[in-house]
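Summary of the model geometry
In case you want the letters, here they are:
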4 protein chains.
Amino acid sequence: MGHKIKVGVIGAGRIGKIHASNIIKNFADVEVKAVADINADTIRDWAAELGIQHVYADYKKVIEDQDIDAVIICSSTDTHSQITIEAAQAGKHIFCEKPIDYDIDRIHQALEAVNVAGVKFQVGFNRRFDHNFKKVRELIQKGSIGDVQIVKVISRDPTPPPAEYVKVSGGMFLDMTIHDFDMVRYLTGSEVIEVYANAAVLVDKAIGEAGDVDTALISLKFANGAIGMIDNCRQAVYGYDQRVEILGTKGSISVANDTPTTVIVSTERFVSSDKPKYFFLERYMESFEAELKAFFNCIVNDTDPIVTGIDGLKPVLIGLAAKQSYQKGTPIRL
Amino acid sequence: MGHKIKVGVIGAGRIGKIHASNIIKNFADVEVKAVADINADTIRDWAAELGIQHVYADYKKVIEDQDIDAVIICSSTDTHSQITIEAAQAGKHIFCEKPIDYDIDRIHQALEAVNVAGVKFQVGFNRRFDHNFKKVRELIQKGSIGDVQIVKVISRDPTPPPAEYVKVSGGMFLDMTIHDFDMVRYLTGSEVIEVYANAAVLVDKAIGEAGDVDTALISLKFANGAIGMIDNCRQAVYGYDQRVEILGTKGSISVANDTPTTVIVSTERFVSSDKPKYFFLERYMESFEAELKAFFNCIVNDTDPIVTGIDGLKPVLIGLAAKQSYQKGTPIRL
Amino acid sequence: MGHKIKVGVIGAGRIGKIHASNIIKNFADVEVKAVADINADTIRDWAAELGIQHVYADYKKVIEDQDIDAVIICSSTDTHSQITIEAAQAGKHIFCEKPIDYDIDRIHQALEAVNVAGVKFQVGFNRRFDHNFKKVRELIQKGSIGDVQIVKVISRDPTPPPAEYVKVSGGMFLDMTIHDFDMVRYLTGSEVIEVYANAAVLVDKAIGEAGDVDTALISLKFANGAIGMIDNCRQAVYGYDQRVEILGTKGSISVANDTPTTVIVSTERFVSSDKPKYFFLERYMESFEAELKAFFNCIVNDTDPIVTGIDGLKPVLIGLAAKQSYQKGTPIRL
Amino acid sequence: MGHKIKVGVIGAGRIGKIHASNIIKNFADVEVKAVADINADTIRDWAAELGIQHVYADYKKVIEDQDIDAVIICSSTDTHSQITIEAAQAGKHIFCEKPIDYDIDRIHQALEAVNVAGVKFQVGFNRRFDHNFKKVRELIQKGSIGDVQIVKVISRDPTPPPAEYVKVSGGMFLDMTIHDFDMVRYLTGSEVIEVYANAAVLVDKAIGEAGDVDTALISLKFANGAIGMIDNCRQAVYGYDQRVEILGTKGSISVANDTPTTVIVSTERFVSSDKPKYFFLERYMESFEAELKAFFNCIVNDTDPIVTGIDGLKPVLIGLAAKQSYQKGTPIRL
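- Per an unreviewed UniProt entry, chain A goes by Myo-inositol 2-dehydrogenase/D-chiro-inositol 1-dehydrogenase and derives from Anaerospora hongkongensis.
- Checking UniProt for chain A, the heading Sequence similarities (unreviewed entry) contains the comment "Belongs to the Gfo/Idh/MocA family."

What follows is the structure, encoded as structure tokens:
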């Protein structure tokens, strides 16, 4: 590719800022030409410091800029599918934060638009790019543990969100477990065909009053015959717990938490080591860079993204089924 | 107690021999006066070597011996409840291998007989006496991790049993998971009120043809609001996998596998450490001694056993519910 | 061997009692016929409980008993060589607690007597029989890590002895490091040819006033070209620290401490695990049984002991050299 | 500080390039204005890509540029002291790669020039800025383990350098152990007063023929009474081994190796985990950024560097003493 890829970042909240700054620091061949945010004024200083030329309040300005090759969609979830459709129609490659939408029809419309336009479309399931989980996937694909029998994901947050948040987020299965639904698909290479959500409110009553759960063990059946389980909690006081464990016919693989240091202190009372890295920014920072690298590679080499539109759709379908399972108290087929 | 406790061991298969020999080696205040086995001739040499005076083919001889204070029932499962009833009526204290029976009515009859006779009755859930799991229970009871939210047990065997075995054993939920049902009750101190078995045949087709499963993730709800999961597989090629993990409001507890050594070898290819201790004899040998010690203490000090008749009954009830859940594909309330 | 091996235990302090009781519990083919202790009266109850027939104040009674095949010498160190000589002359096989003596001449006399009599002689370096260290040795001998380059032993006690003790014990290098001198010989299969003791009084001034050190890093050179280091401290507040680490041309081996349980507790403050097993009784209990088993096997099968007279002599020589090195501040050739 | 700090990088070999690129990526307030390298032509493309304006063959051009605030000296060791002197006289702040020089007189002259000029001078002991070792230092300084008694550093390379290299590097004690001499000073906060080098040629005979050793256990005494040991080997086939372990009166601290992932694979043969991160670039990459950050902070805030000129001098003195100790076979006082 003879010239720099020019991108526009749409939505400059926390994750939008991370992506913009990662691009500027790490990708010499990519230029962040513009950033759009409904609160444009609040980000002008930040953009100036990073040397971003254009700051817009209206994302359509980004889409209309014919010089821009790709957009990074980091706006609020309810705008993802609409912006995706417009960007696709404008011929832009799209990196879209997860989830694409909570509405299955709108996801289908967005994917259809992407399909028609023939642009690259990658969903922000960054954990696929994590050093630990990527290696698990590689080992499974190499056949190191034979056929997968059991896949388990532990994913617990250090602190619960405010109850207000769960009212608009779609609930735990859609705002949190969605990453884990993606992870089990990624690791097994197989589709979830049944889900049963054993869930409860054990952390914060206000979350229950807002109609959601905060603790869950979600049972899964896969198309390839394997079974699985996702363990979620909105609060693990010892920190962000991100592990997987796979049993196969020839062995098992497990992933422990990353820690800030490997220091162990032994005293008269006990032997103590580090808690896990604090939260997703600390734990997954490298994966945010890696997913963008993969996205730009797709554009440059005209290859398929590692996280496709279908990969964006499926976890939402599983999440909705998990919600239904919890409400009805029975397993739900997909 | 002024004199030695005199015991009769009924059933001298593998576990009966272990108990007899453990008593002789470790309990100076206990005497194994007699042993009964339907194949009496095959155990005479073994008994002579241990200095056991009487070897009978008929267990009734043990029960009729008024000099005997207690019986250790290690015969085949289908005889446990009947022998329990007779031993109780003869006023003997009873240590009974698990399960008491697969028939709930017969269990009730046995427990009733024990109750009427006022004898001590302890069921052989030896894992309660394991150094690791005992400490987990103590920490939970001390409140070290607050209220229990999630309890998980991993229990996988190194090699599957022959398909013939599962036809008579009651199936995986009753011959294997039964220990784990006991464990979750022991650790949480709460009753299982609902069970959902996500299970499959992924190890040995012959087991499936014999009407059983060999791999399962069993979802649980507890009376105290906690949720739980048991992970079973008839074959983990890396060895006997025996772990638990508890999440509570103030922290988590996990137990790793015991290993033969702590040796780590680092080479150009990798860093390798020991597999878990091979199987239940290696892993739980100390607990077999500890459970008998507890049993004899109950007799001497006239205290309640750590594993009661109810503790023998409940796991069978949960196991039957798990079986039903698997067959119907829905959660079952207890 | 058609009959039981009959042994006499000489010296029934802590370790003598452990050996006697281990024999009675675990070796059906061995009988503890007699025990001798200068405070015979204080051990009569204990002996009666174990069913030991004869209790003597004078060890010569044991040696004169022609029915006794072997003696277990657990008396005070200054009597070891004399009793060894007498027992050898009486044709008894000998298991002798370490060290044989602090006086090199007396050790030579004892070994000479053993040699002339042609009896089995095993020194109580029990750590050679430890599951961890035995496996390290096996791996080295198999060539798993190629040629040994560096051997390191960490050996620290949980609490220091009273200063009174070090006045009579020969000092740290002879009462404590002696085990580690044996360990490095055992692991490398090579002789120490030079020793340099970097030592200090950092735990208890009274130990310094008694003429000894309490903390040391002892540098070693081996005949096969390898180099080594022993790390000793009389006090590690976190517990009994017993590790080794070997570097070879094809890899490294390390041994971590054994712990009472594998329980890990994670809380808001930290992740904590068990301290090492408390002290040598907890840590090495199985090795005390294993060394006796090996001793009796030598007798029955007429094979060479795993710990020979030379193995008893060498660590004393190295210990004396270490002492000299510390006093002179230079390396000492052996 | 109203303007960007302008730096010139002198010497653009591997480490010079790393520093230049780290500055450009991570320090928005710092500009790499010029780079000098005796092979200027070979670095022009690299410099252009990074947007560095000036490329010189002669480092004096950098020093003469009055616009430049600071120099990063990454040229060959024999030029460090001379360039330091010239840069100091030109009033430039100096970041100098280790070692300052192998000649003590020239180090003193360089430090004197720095002193007279009053410029900031930081030596490139990057490991002080490593997340693991920094935390060890903090814990020691907080008193978490009481008074330090024993300090141990393990520092082994994955592959040996060519024998040619050791002829010009000053030898292992000066090119490799020098980092560890700095580390023990950093961790203990105390000076080494005696050194004894137990060393051998066990990796590559050619290294021995070139007059150097490749394997060493270096015994240390500290001014505060503590003792220590550095374990070096030019080749650890399992990878770059970088650990420390400290024993104090109230506890111990240990640091394990960082690994690429936390993945553990368990199979029928063994349980295997990652080898350490491959070599110093992988292991210490973050520390290279952190040391520069600290250096620029010193300039901006006019504070003292974390690694001073004395910190640059002392490890060379210890290294020379270690060499002498090895040659004479005795401990050397400093």
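That was the structure; now back to the text.
Looking at the overall build of chain A
- Tallying secondary structure elements over chain A gives 12 helices and 15 strands in all.
- Its C-alpha radius of gyration of 20 Å places chain A within 12% of the 20 Å reference for a compact globule of 334 residues.
- Counting only C-alpha atoms and orienting by the principal axes, one finds that chain A spans roughly 55 × 50 × 45 Å.
- In chain A, which comprises 334 residues, the proportion classed as buried is 63%.
- In chain A, 71% of the contacts between residues at least 6 apart in sequence involve partners at least 24 apart.
- Summed over all atoms, the accessible surface of chain A reaches about 12,600 Å², with 48% contributed by carbon and sulfur.
- The distance from the centre of the 37 positive side-chain charges to the centre of the 45 negative ones in chain A is 4 Å.

Some details on the interface of chain A and chain B
- Taken together, the contacts link 40 residues of chain A with 39 residues of chain B.
- Here chain A packs against chain B, burying approximately 2,900 Å² in sum over the two surfaces, 57% of which is carbon and sulfur.
- Joining chain A to chain B, the criterion identifies four salt bridges.
- Between B:Arg243 and A:Glu245 there is a salt bridge, with the nearest N and O atoms lying 2.5 Å from each other.
- The class makeup of the residues in the side of chain A that touches chain B is 19 nonpolar, 13 polar and eight charged.

A word on the sheet that holds strand S6 (residues 121–123) of chain D
Residue and element names in this part refer to chain D.
- Strand order across the open sheet formed by six strands is S3-S2-S1-S4-S5-S6, with parallel pairing between neighbours. Each edge of the open sheet is held by one strand with a lone partner, namely strand S3 (54–56) and S6. For this sheet, the mean inter-axis angle between neighbouring strands, taken without regard to orientation, is 20 degrees.
- The strands touched by helix H1 (residues 14–26) within the sheet are strand S1 (5–10), strand S2 (30–36), strand S4 (70–73) and strand S5 (93–96), with S2 carrying the most contacts at an inclination of about 155 degrees.
- Strand contacts of helix H4 (residues 77–89): S1, S4, S5 and S6, with the helix running at about 165 degrees to S5, the strand carrying the most contacts.

So, the relation of the copies chain A and chain B
- Laying chain A over chain B is done by rotating through 180 degrees and shifting 0.0 Å along the axis; what remains is an RMSD of 0.0 Å. Here the transformation between the copies is reduced to the relation of a two-fold axis. Identified as the residue of chain A closest to the rotation axis by C-alpha distance is A:Thr330, at 2.9 Å.
- Most of the interface of chain A is mirrored in chain B, where 98% of its interface residues again form contacts.

Re the pattern of salt bridges
- Taken as a whole and assessed by the stated rule, the structure comprises 100 salt bridges over all chains.
- Two residues, B:Arg234 and B:Asp175, come together in a salt bridge whose shortest N-O distance is 2.9 Å. Of this pair, B:Arg234 sits in the loop between strand S10 (227–233) and strand S11 (241–248) while B:Asp175 sits in helix H8 (residues 172–175); the two residues are 59 residues apart in sequence, bridging distant segments of the chain.
- Owing to a relative accessible area of 10%, B:Asp175 belongs among the buried residues under this scheme.
- The partner of C:Lys167 in a salt bridge is C:Glu164, with the nearest N and O atoms 3.2 Å apart. On the criterion of helical spacing, the pair formed by C:Lys167 and C:Glu164 is a turn pair, its members being three residues apart in helix H7 (residues 163–169).
- Judged by its relative accessible area of 52%, C:Glu164 is exposed.
- Here the residues in one salt-bridge network are A:Lys152, A:Glu245, B:Arg156, B:Asp231, B:Asp241 and B:Arg243, joined through shared partners.

Cut-offs applied
- Residues numbered from 1 in each chain as written.
- Chains lettered and ligands numbered in written order.
- Predicted model: local features only at pLDDT ≥ 70, side-chain atom pairs only at ≥ 80, totals over all residues.
- Heavy atoms only, no water.
- UniProt positions renumbered as here; feature names shortened; annotations may be inferred.
- Helix = DSSP H or I, 4+ residues; strand = E, 2+ residues; numbered from the N terminus.
- Rg over C-alpha atoms; globule rule 2.2 N^0.38 Å.
- Buried < 20%, exposed > 50% of the residue type's maximum accessible area, 1.4 Å probe, protein only.
- Contact = heavy atoms within 4.5 Å.
- Areas by Shrake-Rupley, 256 points an atom, 1.4 Å probe, with all protein chains shown as cover.
- Lys, Arg positive; Asp, Glu negative; His and termini not counted.
- Charge placed at Lys NZ, Arg CZ, Asp CG, Glu CD.
- Buried area = accessible area lost by both parts, 1.4 Å probe.
- Salt bridge = Lys/Arg side-chain N within 4 Å of Asp/Glu carboxyl O.
- Nonpolar A, V, L, I, M, F, W, Y, C, P; charged D, E, K, R; others polar.
- Pairing = 2+ DSSP bridges.
- Axes fitted to C-alpha atoms, helices over the stretch in contact; angles between N-to-C directions.
- Least-squares fit on C-alpha atoms with pLDDT ≥ 70 in both.

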